[in-house]
Amino acid sequence: ALQPDVALIHAHYADAHGNLYIEGPPVADSLFAKASKKVIVTVEEIIPHQELAIKGVTIPYFYVTALCKVPYGAHPTSCYPRYAYDRAHTHVYYQAAKKGEDAFRENYLTPFVYDCQEHTDYLIAIGGEENLSRLRAWNDSTEQWMQLYE
């Protein structure tokens, strides 16, 4: 059995105690939390315990080492049903990575990591509210969903 030192998990909701609720199937997140020595969690939203209890606890507080509210913290991947993965951004990542270490540092790490002192800086760098709105609109219609693949 594997016992990772740290699991990094992004969830939809948490309460102030560290109980987590993940919408949809949690895939392997529950297993990662149970197997890891420490679990660091980012969440879209921290809600009152009573509200989370109604939804149900996916991962209980005693597995969680640290918790922080980070809206869009799963970006460039998805946090369905809130937002879809950012195909255009993953393309930027891939193009920079395939050109080697120096190009990756210059074309990806610098604008999206090193130049972003705050999470809000990152959200602006990835296209701000215009891009986030596009990612949130994935389930408004088939056309909106298909636009993510253009």
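Refer to the structure printed above.
If you're wondering where the values come from, they're calculated on a predicted model, not measured in any experiment.

The secondary structure content of the chain amounts to 7 helices and 4 strands. Sequence-ordered secondary structure for the chain, helices as α and strands as β, is β-β-α-β-α-β-α-α-α-α-α. Its C-alpha atoms give the chain principal-axis dimensions of about 45 × 40 × 30 Å. Counting the 150 residues in the chain, one finds 34% classified as buried. In the chain, 71% of the contacts between residues at least 6 apart in sequence involve partners at least 24 apart. Of the roughly 9,200 Å² of accessible surface on the chain, 56% is carried by carbon and sulfur atoms.

The interhelical angle for the contact between helix H3 (residues 87-98) and helix H4 (residues 101-114), taken along N-to-C directions, is 145°, at an axis separation of 7 Å. Only Ala103, Phe104, Asn107, Tyr108 and Phe112 of H4 make contact with H3, whose side of the interface consists of His89, Val92, Tyr93, Ala96 and Ala97. A per-class count over the contact of H3 with H4 returns 8 nonpolar, 2 polar and no charged.

A few words now on the sheet that holds strand E2 (residues 20-21). Pairing is mixed in the open sheet, where 4 strands are placed in the order E2-E1-E3-E4. The two strands at the open ends of the sheet, each matched to only one other strand, are E2 and strand E4 (66-69). Sheet analysis places strand E3 (residues 38-46) next to E4, joined by 4 bridges and oriented parallel. Opposite Thr42, over in E4, you have Cys68 as the bridge partner.

A few words on the pattern of salt bridges. Summed over all chains, the structure comprises 6 salt bridges. One salt bridge in this structure joins Asp102 and Arg105, with 3.1 Å as the shortest N-O distance. Placement of both Asp102 and Arg105 in helix H4 is noted, with a separation of 3 residues, approximately one turn of the helix. Among the charged side chains, a salt-bridge network with shared partners connects Glu101, Asp102 and Arg105.

Bringing the nonpolar core into the picture now. In this structure, Tyr83, Tyr108, Tyr122, Leu123 and Ile126 are the most contacted members of the largest nonpolar core, which totals 17 residues. For this core, the secondary-structure elements that each account for two or more residues are H4, helix H5 (119-125) and helix H6 (128-136). Beyond its immediate stretch of four places on either side in the chain, Tyr83 contacts His10, Glu44, Tyr72, Gly73, Ala74, His75, Thr77, Ser78, Leu135, Arg136 and Trp138.

Turning to H3, a few remarks are in order. With 12 residues, H3 should reach 16 Å at 1.5 Å per residue; the first-to-last C-alpha distance of 16 Å fits that figure. Two residues or fewer after H3 comes Gly100, characterised by a positive phi angle close to 105°.

Right, let's talk about the packing of aromatic side chains for a bit. Ring pairs (aromatic) are described by centroid distance and by the angle formed between their planes. Applying the stated rule across the entire model yields 9 aromatic pairs. Seen in terms of ring centroids, Tyr108 and Phe112 are 5.0 Å apart; in terms of plane orientation they differ by 40°. Their pairing is tilted. Of this pair, Tyr108 and Phe112 both sit in helix H4, separated by 4 residues, roughly a single helical turn. Among the aromatic residues, ring-to-ring pairing joins Tyr93, Phe104, Tyr108 and Phe112 into one connected group.

Conventions adopted
Residues numbered from 1 in each chain as written. Predicted model: local features only at pLDDT ≥ 70, side-chain atom pairs only at ≥ 80, totals over all residues. Heavy atoms only, no water. Helix = DSSP H or I, 4+ residues; strand = E, 2+ residues; numbered from the N terminus. Buried < 20%, exposed > 50% of the residue type's maximum accessible area, 1.4 Å probe, protein only. Contact = heavy atoms within 4.5 Å. Areas by Shrake-Rupley, 256 points an atom, 1.4 Å probe, with all protein chains shown as cover. Axes fitted to C-alpha atoms, helices over the stretch in contact; angles between N-to-C directions. Nonpolar A, V, L, I, M, F, W, Y, C, P; charged D, E, K, R; others polar. Pairing = 2+ DSSP bridges. Salt bridge = Lys/Arg side-chain N within 4 Å of Asp/Glu carboxyl O. Core = buried A, V, L, I, M, F, W, Y, C linked by side-chain atoms within 4.5 Å. Expected span 1.5 Å × (residues − 1). Phe/Tyr/Trp six-rings, centres within 6.5 Å; stacked < 30°, edge-to-face > 60°.

As far as function goes, none of this settles anything; it's purely spatial.
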